[in-house]
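Chain residues, written in single-letter form:
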Amino acid sequence: MTESQVGMAQGDGSPGIGLRGALVDIGRCQLLSLAALAVAGAGALVIGALLLLPLGIGFLLLPPAAVALRRISDRYRDRAARWTGTVISPPRPLPSRSTPPENPTGRHQQARALLGDHGFWHDLRWAWAEPATGALLAVVPLALVEYGLFGAAVQPFVWRLLGDGNWYAFIPVDSTPTMLAALLLGIGFIAAGLKLAPATLRVHARWSRRLLAAPHTTELVRRIEHLAGSRADILDVQAAELRRIERDLHDGAQARLVALGMTLAEATRLLDHDLAAARVLLHEVRATSQRALQDLRELVHGVLPPILADRGLGDAVRSLALDSHLDVRIETALPGRLPAPVESAGYFAVAELLANAAKHSGAPEVHIRLSHTDGALRATVTDEGRGGADPDGSGLRGVRRRLDPFDGTLVLHSPPGGPTTATLEIPCASSSPKTSSSSGTG
Amino acid sequence: MRVVLAEDLFLLRDGLTRTLQEHGFEVIAAVDNGPALLRTLLEEQPDVAVVDIRLPPTFTDEGLQAALAARRSRPALPVLVLSQYVDQLYAHELLAGGQGAIGYLLKDRITHTTQFIDAVRTVATGGTVMDPQVIARLLARSDARGTTAQLTPRELDVLALMAEGRSNAAVAQTLFISESAVAKHTAAIFTKLRIEPSADDNRRVLAVLAYLKR
């Protein structure tokens, strides 16, 4: 099973492919070069406000200028993510006014808070650098294409009129052959520009990230908050799980074993004088012991499905597929076994997604793809059903909670009318040997 | 009949050996790990092997792997696999060769001695026995897909027992109907599911399973 035709739900802002993609990227370069004017403008506003601080009026001007600049920088962060997939972590929100806007002291306080804000200075630094460096970068492919157009589309018509001294790049265009050479050179420039555009956008995004990313400390604070939150969640979930297991054992298998002992004692007593009654009780004992086994089996399966322990994620998902009443096509590209907690989280998440598809999608067929790339387990569940899945449904929330301790992600792409694609990723290294180290007693 | 037994827990191994011996089987070897099982199966050429799926040294599906490996060099070697749980994937792997002489039972069934001994005999003589749980799940699945919707409840009962490897006589006894009634139901099932009828019990089960697997 090694076909690769699963529709992966890329965002609509994936890097362009082919000629159309290159043209789109040129358009983006154009946009960047123009947007630099707005950046410069906003930067100048902020600088102006800063210069006016000694006069007092700067305190009134600074907050709106800073907000305007932040709005623009946010747009750049957003573009970097949509165009090239470069995620730029946003800074903390700007200090806001705690008092009504009419109150001048409120603005003063806000301006003072702004002066102490890391994100604000980052924005300002970027506002100075972007028009000079970023926009310049974006102009390179743009200039190539435009100059190429001049050579290829304009020169053939104008060289006769221009006469002597008409140069295109290093070619003196004064005859038909030189005109043709200029035309070819122009096409070459256009091709180079188109070729360069995607790479330029990527470099620009990386450059912007350098300047715009939240300071390291903000990142760390954010990370700690997330870890503390997810740790509390894990502890809650774990405690609830233990409680469930304890209750299941207590009310299920354990109670049945007690009943078993009682029935056996009664049967033993009856053996002497009422064989028929004893036989009935012994039948009961057998039935009860079967139920106890059944209870235990279900409990074990809920904790860790045996096939997952024995065979790992690939075969466990195959087994899920065999139990599903949908047609499930599976592709796996997993390198041996993954760490046990990852396998377990992945299994239960895929099981939930498959159950969701069976319940809501109305599609007869589901496609599951498991792979391990770039140090992450990635599972995609696709169906051609009716779509419109609710990302905040209880099932999907449960999946997210399972992935959270691993910093895993779940991306749902489910436009009304389908198809629905759920992609989950769990960062992990693979432990390559096929057999997991067992804690066996042998 | 000569039996090779593989089970790592001493208590169960002992009990199984005793049960088999009481019913006239000769237990020629009782091993407790995967490699020893494979070696014994290839050397001793038993009439049937009774194998626990989870065995040392890996405590995973070592027993199943050893049985499948042995059947690759001796394709029709009768193997009855026992397990604490049933899994459709394992059932598929066991049936994949299409040779029959395969059994797959929950360990619970051992306590039902006659049923267990019947299963060992059926497998030893080339039959196929699937655990009722495997069958129930297969039927539930094909039910949800509507493939067995055309069958009457009684026919479903017969189909389930048939898929467990029971003979017409055993089916008749379980359902308290006459053998000719069973034959009639069977014919109706085969017609409705468009399965070619066959005299061979084993092929009958395989045909049913193959149908349900779709």
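Details of the structure are given in the entry above.
Residues numbered from 1 in each chain as written. Chains lettered and ligands numbered in written order. Predicted model: local features only at pLDDT ≥ 70, side-chain atom pairs only at ≥ 80, totals over all residues. Heavy atoms only, no water.

*Asks:* Describe the overall build of chain A, naming the residues involved and giving the relevant values.
*Replies:* Broken down by element type, chain A carries 11 helices and seven strands. For chain A, the C-alpha atoms occupy an extent of roughly 130 × 70 × 45 Å along the three principal directions. Residue pairs at least 24 apart in sequence account for 69% of intrachain contacts in chain A once pairs closer than 6 positions are excluded. Surface accessibility of chain A: about 24000 Å² in total, with carbon and sulfur atoms responsible for 62%. (Helix = DSSP H or I, 4+ residues; strand = E, 2+ residues; numbered from the N terminus. Contact = heavy atoms within 4.5 Å. Areas by Shrake-Rupley, 256 points an atom, 1.4 Å probe, with all protein chains shown as cover.)

*Asks:* Tell me what's going on with helix α3 (residues 62-73) of chain B, and back it up with residues and numbers.
*Replies:* Spanning 12 residues, α3(B) covers 17 Å between terminal C-alpha atoms, matching the ideal 16 Å at 1.5 Å per step. Considered for burial, the residues of α3(B) that qualify are B:E62, B:G63, B:L64, B:A66, B:A67, B:L68, B:A70 and B:R71. The secondary structure elements touched by the buried residues of α3(B) are α8 (306-311) of chain A together with α2 (34-44), β3 (48-52), β4 (79-83), α4 (88-95) and β5 (102-106) of chain B. (Expected span 1.5 Å × (residues − 1). Buried < 20%, exposed > 50% of the residue type's maximum accessible area, 1.4 Å probe, protein only.)

*Asks:* Please provide a residue-by-residue account of the nonpolar core, values included.
*Replies:* Within the largest apolar cluster, 86 residues are counted, with the highest numbers of intra-cluster contacts made by A:I368, B:L37 and B:Y104. When residues in this core are grouped by element, the largest group, 10 residues, is from helix α10 (residues 340-361) of chain A. (Core = buried A, V, L, I, M, F, W, Y, C linked by side-chain atoms within 4.5 Å.)

*Asks:* Residues and numbers for the interface of chain A and chain B, please.
*Replies:* Listed by partner, the interface residues are 25 residues for chain A and 26 residues for chain B. Taken over both partners, the interface formed by chain A and chain B buries close to 2100 Å², and the fraction arising from carbon and sulfur atoms is 46%. The interface formed by chain A and chain B contains five salt bridges. Here A:R297 makes a salt bridge to B:D108, at a shortest N to O gap of 3.0 Å. Among the elements of the structure, α7 (275-303), α8 and α9 (313-323) of chain A are those that each provide at least two residues to the side of chain A that touches chain B. By residue number, the principal contributor to the side of chain A that touches chain B is α9(A), which donates six residues. (Buried area = accessible area lost by both parts, 1.4 Å probe. Salt bridge = Lys/Arg side-chain N within 4 Å of Asp/Glu carboxyl O.)

*Asks:* So what about the sheet that holds β4(B)? Which residues, and what values?
*Replies:* Residue and element names in this part refer to chain B. In spatial order, the strands read β2-β1-β3-β4-β5-β6; together these six strands make up an open sheet with parallel pairing. Among the strands making up the open sheet, the edge pair consists of β2 (26-31) and β6 (128-130). The mean angle between the axes of side-by-side strands here comes to 20°, regardless of whether they run parallel or antiparallel. In the sheet, strand β1 (residues 2-6) pairs with β2 via five bridges, with the strands oriented parallel. Bridge assignment links V4 to a residue of β2, and that residue is A29. Sheet strands touched by α3: β3, β4 and β5. Its angle to β4, the strand with the most contacts, is close to 170°. (Pairing = 2+ DSSP bridges. Axes fitted to C-alpha atoms, helices over the stretch in contact; angles between N-to-C directions.)

*Asks:* Please set out the packing of α9(A) against α4(B) residue by residue, giving values where relevant.
*Replies:* At a minimum axis separation of 8 Å, α9(A) and α4(B) run at an interaxial angle of 90°. Classed by the angle they form, the pair α9(A) and α4(B) counts as roughly perpendicular. Side by side, α9(A) and α4(B) meet where A:D315, A:R318, A:S319, A:L322 and A:D323 of the first sit next to B:Q88, B:L89 and B:H92 of the second. Taken together, the residues of the contact of α9(A) with α4(B) break down into two nonpolar, three polar and three charged. (Parallel < 35°, antiparallel > 145°, perpendicular 65-115°, else oblique. Nonpolar A, V, L, I, M, F, W, Y, C, P; charged D, E, K, R; others polar.)

*Asks:* Can you lay out the pattern of salt bridges for me, pointing to particular residues and giving the numbers?
*Replies:* In the structure shown here, the tally under the stated rule is 30 salt bridges over all chains. One salt bridge connects B:K107 with B:E7, and the closest N-O pair in it is separated by 3.2 Å. Note that B:K107 is positioned in the loop between β5 and α5 (113-124) and B:E7 in the loop between β1 and α1 (10-22), a separation of 100 residues in sequence. An identical accessibility class is assigned to B:K107 and B:E7; each is buried. As a salt-bridge pair, B:R109 and B:D131 come within 2.7 Å of each other at their nearest N and O atoms. In this pair, B:R109 sits in the loop between β5 and α5 while B:D131 sits in the loop between β6 and α6 (132-144), placing the two residues 22 residues apart along the sequence. For the pair B:R109 and B:D131, a shared accessibility class is recorded, and that class is buried. If you follow the salt bridges from partner to partner, you end up with A:R311, A:D315, A:R318, B:D61 and B:E93 in one network.

*Asks:* Could you give an account of the packing of helix α7 (residues 153-163) of chain B against helix α9 (residues 179-193) of chain B, with specific residues and numbers?
*Replies:* All names here are of chain B. The contact between α7 and α9 brings their axes to 10 Å, and the two run at 90°. Taken as axis vectors, α7 and α9 run roughly perpendicular relative to one another. Packed against α7, whose contacting residues are R154, E155, V158, L159 and M162, the element α9 presents V182, H185, T186, A188, I189, F190, K192 and L193 at the interface. When the residues that make up the contact of α7 with α9 are grouped by side-chain class, the tally is eight nonpolar, two polar and three charged.

*Asks:* Describe the packing of aromatic side chains, naming the residues involved and giving the relevant values.
*Replies:* Residues and elements named next belong to chain A. In this structure the tally under the stated criterion is nine aromatic pairs over all chains. The interplanar angle of 65° and the centroid separation of 5.1 Å between the aromatic rings of F120 and W121 together place this pair among those described as edge-to-face. Judged by its relative accessible area of 38%, W121 is partly exposed. Plain terms: the ring middles of Y347 and F348 are 5.3 Å apart, the flat faces sit at 85° to each other, and that makes the pair edge-to-face. Exposure remark for Y347: the relative accessible area of 6% places this residue in the buried category. (Phe/Tyr/Trp six-rings, centres within 6.5 Å; stacked < 30°, edge-to-face > 60°.)

*Asks:* An account of the sheet that holds strand β7 (residues 420-427) of chain A is requested, with residue identities and associated values reported.
*Replies:* In sheet architecture, strand pairing relies on hydrogen bonds along the backbone and comes in two forms, parallel and antiparallel. Residue and element names in this part refer to chain A. The strand order β3-β4-β5-β7-β6 describes an open sheet built from five strands, whose pairing is mixed. One side of each edge strand has no neighbouring strand; the edge strands of this open sheet are β3 (327-333) and β6 (409-413). Put simply, the sheet's adjacent strands are angled 10° from each other on average, direction ignored. Summarising the sheet, strand β4 (residues 365-373) and strand β5 (residues 376-383) pair through eight bridges and their orientation is antiparallel. Across the sheet, H372 pairs through a bridge with L377, a residue of β5.

*Asks:* Lay out the side chain of A:D117 with the relevant residues and their values.
*Replies:* All names here are of chain A. With respect to the helices and strands, the residue D117 is situated in the loop between α3 (104-115) and α4 (118-162). A distance of 3.2 Å separates the side chain of D117 from the backbone nitrogen of G119, its partner in a polar contact. Ignoring sequence-local partners within four residues, the contact set of D117 consists of R70, L94 and P95. (Polar contact = N/O pair within 3.5 Å; in protein donor to acceptor, adjacent residues only side chain to side chain.)

*Asks:* Tell me about a nonpolar patch on the surface, and please be specific about residues and values.
*Replies:* Residue and element names in this part refer to chain A. On the surface, L55, I57, L60 and L61 cluster together into a nonpolar patch covering about 370 Å² of accessible area. Relative to the helices and strands, L61 is located in helix α2 (residues 57-84). Take L61: its relative accessible area is 40%, and that puts it in the partly exposed class. (Patch = residues over 30% accessible without salt bridge, like charges linked within 9 Å, V, L, I, M, F, W, Y side chains within 5 Å.)

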